Amino acid sequence: MKSIRHGSVADAIFGVIQTQEAAGLALSGPGSSPVFGRLAQPEINQPDEAQLLTLADSMNEGATGAGQDADIPAGITFLGQFIDHDLTLDIMSQLGKPATNIVPNFRTPVLDLDSVYREGPEQFPYAYDRNFHFVVGTAQNPGDLQRNDAGVALIGDPRNDENMFISQLHGAFLRFHNQQLDQVTGGGKASEEHFLHAQETVRATYQSIITDEYLPAIIAEPVLTPLMDGFWQGALPGPVDWSNTPAISLEFAAAAFRFGHSQVRSGYQVNNDKGAGLFELGGFNPVPPDSNVHWNLFFDFGDGSFQKARKIDSNVSQALFEMPDRVAGKDGPSLPFRNLVRGQRTFHLPYGEDLADAWGMPSKTHDKVKAAGLSKSPLWFYVLAEAEDSGGKLGPVGGTIVAGTLLNLLLRDANSIAHSDRPKEPGQITRLVEPSLIETSV
């Protein structure tokens, strides 16, 4: 069976209704628009693919040995991937071909766990049992996702089965919902009201994890602090006019929020008994019982056993230059090259230095850019190089785009934690994954 990958037409079955809604809408403007917008005007003059390939190849951590560990848990990488899948899905653009003026987004641009809940039990019935719980596991592995006879995961976004780590993280959200529902009902019969109460708790937990744990892990403190202060006061500071930005910009989706590719390791210790290379455990397939993730190896439970993510810098794991065909498809095995082509030649994103100058931020051109024969940096590379100079966390341009976008989405959502009492306890990913740690450990 052909695998479902990023950008494949098969993904469209989960967002086809939005296609009609997206037709004819302007590319920019405020609000939760179902199209991607822009923070800046498109850049007409772009590098050729040969220059982008030279730049991409210079980022290979395996060739340079330059990658370093960060102080944050490795699971933060896959949490970022999960957040991305909850917010963005582009199935219309084609790598290297200039995109049309309207690029639909097939996910809801709200931090509402659309990728998990979809439209709820009535319109998404195969994901739920008759008591408002998510169905989880298979006869072969109770720790896996629910799957049909062909091994296809029955979940709200098929991309959350593309590697074993995000697959099991998606399962953790399902089990956390079930746990919260059982706490409300005492394990008894649930009602729609009970379901909505549990859903609200899960969403609030997810959002507080983003504000209190995820953003501090990935963004340099001097960049994040004024944004967080403004967020809790109800308005984000400049230099971006956040009241007039699109919900999801191409600068965010096609460049800045792809920083996580620099955090990826070539291999991980999956549980106490099994380690594997990044792509050795497959994807879009059932998870064997001996491959269930032990989350204490990916998040900080206080026992000191967690693996670390790589620092955000201009180096990328060699594994992402050698993606297998089942993952890479027709667009080629080098993810860094694809990122550069997508950002610059498909979406004509601005150069990083130009955004920094427009926003009154210091700018610097990395030696790798100059060695590739370029005078300015493709935005995705600039965000990584800027982080390299900021201690391995996102700097002024990258941090502003990422934190500003996520916080602005919460401010625009009347049902988010931005408009309720601030949680008394900081968001903790360990609380969310703990039910899976208990249920699926081998």
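Below is a summary of the structure that appears in this document. (Residues numbered from 1 in each chain as written. Predicted model: local features only at pLDDT ≥ 70, side-chain atom pairs only at ≥ 80, totals over all residues. Heavy atoms only, no water.)

**Considering the packing of aromatic side chains**
Basically, it comes down to this: Stacked, edge-to-face and tilted are the three classes for Phe, Tyr and Trp ring pairs, Trp counted by its six-membered ring, which pair at centre distances within 6.5 Å; planes under 30 degrees apart are stacked, over 60 edge-to-face, the rest tilted. Buried means the residue's accessible area, taken with a 1.4 Å probe over protein chains only, is under 20% of the maximum for its type, while exposed means over 50%, and partly exposed covers the values in between.
For the coordinates displayed, the defined rule picks out 20 aromatic pairs. When the centroid spacing of 6.5 Å and the interplanar angle of 80° are considered together, the rings of Phe 124 and Tyr 128 count as edge-to-face. Both residues of the pair, Phe 124 and Tyr 128, count as buried. Each ring, one from Phe 257 and one from Phe 259, has its centre 5.8 Å from the other, and the planes form 65°; the classification is edge-to-face.

**Focus on the environment of Leu 409**
Here is the rule: Secondary structure elements follow DSSP: runs of H or I of four or more residues count as helices, runs of E of two or more count as strands, with numbering from the N terminus. In this description, contact between two residues means that some pair of their heavy atoms is separated by no more than 4.5 Å.
For Leu 409, the position within the fold is in helix α15 (residues 396-412). With relative accessibility at 5%, the residue Leu 409 sits in the buried group. For the pair formed by Leu 409 and Pro 109, sequence separation is 300 residues and the distance between their alpha carbons is 7.4 Å. Aside from chain neighbours lying at most four places away, what touches Leu 409 is Leu 87, Pro 109, Ala 247 and Ile 248.

**Structural notes on the nonpolar core**
Note the following rule: Working definition of a nonpolar core: buried Ala, Val, Leu, Ile, Met, Phe, Trp, Tyr and Cys residues. They are joined through side-chain atoms within 4.5 Å.
Ranked by size, the top nonpolar core spans 120 residues in total, and within it Ile 83, Tyr 214, Leu 215, Ile 218, Phe 298 and Leu 406 carry the most contacts. No other element matches the 10 residues that helix α7 (residues 192-218) contributes to this core. Excluding its chain neighbours within four sequence positions, the residues that come into contact with Leu 215 are Ile 210, Leu 224, Met 228, Ala 403, Leu 406 and Leu 407.

**A word on the pattern of salt bridges**
For clarity, the threshold we go by: Each reported salt bridge corresponds to a side-chain nitrogen of Lys or Arg within 4 Å of a carboxyl oxygen of Asp or Glu.
Under the defined criterion, the tally for this structure stands at 13 salt bridges. With a closest N to O distance of 2.9 Å, Arg 310 and Glu 61 form a salt bridge. Taken together, the positions of Arg 310 in strand β4 (residues 308-310) and Glu 61 in helix α3 (residues 61-64) put the pair 249 residues apart, joining distant regions of the chain. When its relative accessible area of 13% is taken as the criterion, Arg 310 is described as buried. Judged by its relative accessible area of 12%, Glu 61 falls in the buried class. The partner of Asp 69 in a salt bridge is Arg 310, and the shortest N-O contact between them spans 2.8 Å. Of this pair, Asp 69 sits in strand β1 (residues 69-73) while Arg 310 sits in strand β4, placing them 241 residues apart in sequence. By relative accessible area, Asp 69 is classed as partly exposed at 36%. Three or more residues joined by partner-sharing salt bridges are found here, namely Arg 107, Asp 114, Arg 118, Glu 119, Asp 157 and Arg 159.

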